[in-house]
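# What the coordinates show
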Amino acid sequence: MPELPEVELVKRSLTSLIGLEIKDVVLSQTVINGHKNNRLTIVKENIDDFLKVRNSKIINIKRRGKYMYFELINDDEMFYMISHLGMSGGFFIVDHLDEITETNYKKHWHVQFKLSSGQILVYSDIRRFGEIRTIKNFDDFLPFKNMAPEYTEETAKNYFVETLKSKRYENSYIKAIIMDSKIIPGVGNIYASEALYRSGILPTRRVKNISRKRLELLFDKIVEVFELSLNAGGSTISDYRSTSGESGNMQTKFTVYGQKYCPLGHEIKTKVIGQRNTYYCTKCQR
Ligand SMILES: [Zn+2]
């Protein structure tokens, strides 16, 4: 599942679309049939409402947590198209669908945005956990309403530590809680394991048993793995691909995730925490 760095990289790779108009939208038969059967496949709103993106202009493309959003304007009306890549979603900019080289992504396209440049922005999703929807205001979208500040914001570190120090989270497992966007947005299963190893904190430790100083260190290590991954072009594991179909190489820098031994040669343990497989070292982490 793409985490913050992968979504940020997808967002950056779409920058060339800013200023273009969406001339037309084509939906796959899977999306259309899903909607006919009251399943909101990919498009998480009534199709007629979604189609107001036709003839809109792309003003900007931004990211919040693991969501990417397009600022659109249509008839002087400003609105947002929000996208979550789910487990295996991807955007491709092509002149023709055939240019998507990976068969699975070519086959499983779900939305085609035909652009004023003659290009097509294609949303493909093999497992169909991804989401696209339009909203008028951020207040209409619950995940944004309750989201902690972005890690790049000045207030983020203090917010992270103080929120974790509140009574409400004292019994939470640290691994599970840092994957909650109310604490810090964008940390998924991989970067949670990596940041915890780098800060020497056991993922099974309860928040109340971790000092303020160690929580501050954990925040710094989350930032460190995010930045490392951004510089490495993201992680390419399972189904994530960048817009150009290229692979990142952050997976070669993993210390514990998917590894047999930690960098110091100790055997890695795994345990399911918060329904996700967690990797850690009982010698380096306490
Ligand atoms: Zn170790």
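Anything mentioned here points back to the structure above.
Summary of the structure given here. (Residues numbered from 1 in each chain as written. Predicted model: local features only at pLDDT ≥ 70, side-chain atom pairs only at ≥ 80, totals over all residues. Heavy atoms only, no water.)

Close contact between helix H8 (residues 189–199) and helix H9 (residues 212–231) brings their axes to 8 Å; oriented N to C, the two are set at 125°. Our classification of the angle between H8 and H9 gives oblique. By crossing handedness, the relation of H8 to H9 is classed as right-handed. Along the contact surface, H8 presents Tyr 191, Glu 194, Ala 195, Leu 196, Arg 198 and Ser 199, while H9 presents Arg 214, Leu 217, Leu 218, Lys 221, Ile 222, Glu 224, Val 225, Phe 226, Leu 228 and Ser 229. Taken together, the residues of the contact of H8 with H9 break down into nine nonpolar, two polar and five charged. (Axes fitted to C-alpha atoms, helices over the stretch in contact; angles between N-to-C directions. Helix = DSSP H or I, 4+ residues; strand = E, 2+ residues; numbered from the N terminus. Parallel < 35°, antiparallel > 145°, perpendicular 65-115°, else oblique. Left-handed = near helix turned anticlockwise from the far one by under 90°. Contact = heavy atoms within 4.5 Å. Nonpolar A, V, L, I, M, F, W, Y, C, P; charged D, E, K, R; others polar.)

Moving on, we get to the pairing of strand S10 (residues 276–280). Both strand S9 (residues 269–273) and S10 contribute to a ladder of five bridges, which runs antiparallel. Residue pairing across strands places Ile 273 opposite Arg 276, the latter belonging to S10. Taking the residues that link successive antiparallel strands as the turn, the S9-S10 hairpin has two residues, and the phi of Gly 274 there is positive, at about 60°. (Pairing = 2+ DSSP bridges.)

The subject of this paragraph is the packing of aromatic side chains. Taken as a whole and assessed by the stated rule, the structure comprises 17 aromatic pairs. Each ring, one from Tyr 191 and one from Phe 226, has its centre 6.2 Å from the other, and the planes form 80°; the classification is edge-to-face. Taken as a pair, Tyr 191 in helix H8 and Phe 226 in helix H9 lie far apart in primary sequence, 35 residues in all. Like Tyr 191, the residue Phe 226 is buried in the burial classification. Linked through ring pairs, Tyr 67, Tyr 69, Tyr 80, Phe 138, Phe 141 and Phe 144 together constitute an aromatic cluster. The cationic tip of Lys 52 hangs over the ring face of Phe 79; the distance from NZ or CZ to the ring centre is 5.3 Å. (Phe/Tyr/Trp six-rings, centres within 6.5 Å; stacked < 30°, edge-to-face > 60°. Buried < 20%, exposed > 50% of the residue type's maximum accessible area, 1.4 Å probe, protein only. Lys NZ or Arg CZ within 6 Å of the ring centre and 35° of its normal.)

This part covers the pattern of salt bridges. One pass over the full model with this rule turns up 16 salt bridges. Arg 133 is paired through a salt bridge with Glu 131; the nearest N and O atoms lie 2.9 Å apart. Arg 133 gets classed as buried once you look at its relative accessible area, which sits at 18%. What emerges from the salt-bridge pattern is a single network uniting Glu 8, Lys 11, Arg 12, Arg 63, Arg 64 and Glu 150. (Salt bridge = Lys/Arg side-chain N within 4 Å of Asp/Glu carboxyl O.)

Looking at the secondary structure, you find Val 31 in helix H2 (residues 29–36). In this structure, the C-alpha to C-alpha distance between Val 31 and His 110, residues 79 residues apart in sequence, is 6.5 Å. With residues up to four places along the chain from it excluded, the contact list for Val 31 reads Thr 41, Ile 42, Val 43 and His 110.

The next point concerns the sheet that holds strand S7 (residues 120–125). Strand order in the open sheet formed by eight strands is S5-S7-S6-S1-S2-S3-S4-S8, with antiparallel pairing between adjacent strands. Both edges of this open sheet fall to strand S5 (89–94) and strand S8 (131–135), since each of them pairs with a single strand only. Neighbour-to-neighbour, the strand axes of this sheet turn through a mean angle of 30°, independent of strand direction.

Further remarks concern the nonpolar core. Counting 39 residues, the largest nonpolar core has Phe 160, Leu 164, Ile 174, Ile 177, Ile 178, Leu 218 and Ile 222 as the members making the most contacts within it. Of all the elements in the fold, those that place two or more residues in this core are helix H1 (4–13), helix H6 (156–164), helix H7 (174–177), H8 and H9. In terms of residue count, H9 provides more of this core than any other element does, seven residues in total. The contacts of Ile 174, once residues within four sequence positions are left out, are Leu 164, Leu 196, Ile 201, Leu 202, Pro 203, Arg 205, Val 207, Ile 210, Leu 215 and Leu 218. Val 31, Leu 51, Leu 85 and Tyr 123 belong to the second largest nonpolar core, which has 30 residues in total. (Core = buried A, V, L, I, M, F, W, Y, C linked by side-chain atoms within 4.5 Å.)

For the zinc ion, the protein coordination sphere consists of Cys 262 (SG), His 266 (ND1), Cys 281 (SG) and Cys 284 (SG), at 2.2 to 2.3 Å. Summarised as a motif, the one-chain spacing of the donors to the zinc ion is C-x3-H-x14-C-x2-C. One end of the pair, Cys 262, is in the loop between H9 and S9; the other, Cys 284, is in the segment after S10, with 22 residues separating them in the sequence. Overall, the relative accessible area of 4% leaves Cys 262 in the buried class. (Donors = N, O, S within 2.8 Å, 3.2 Å for Na, K, Ca; no water.)

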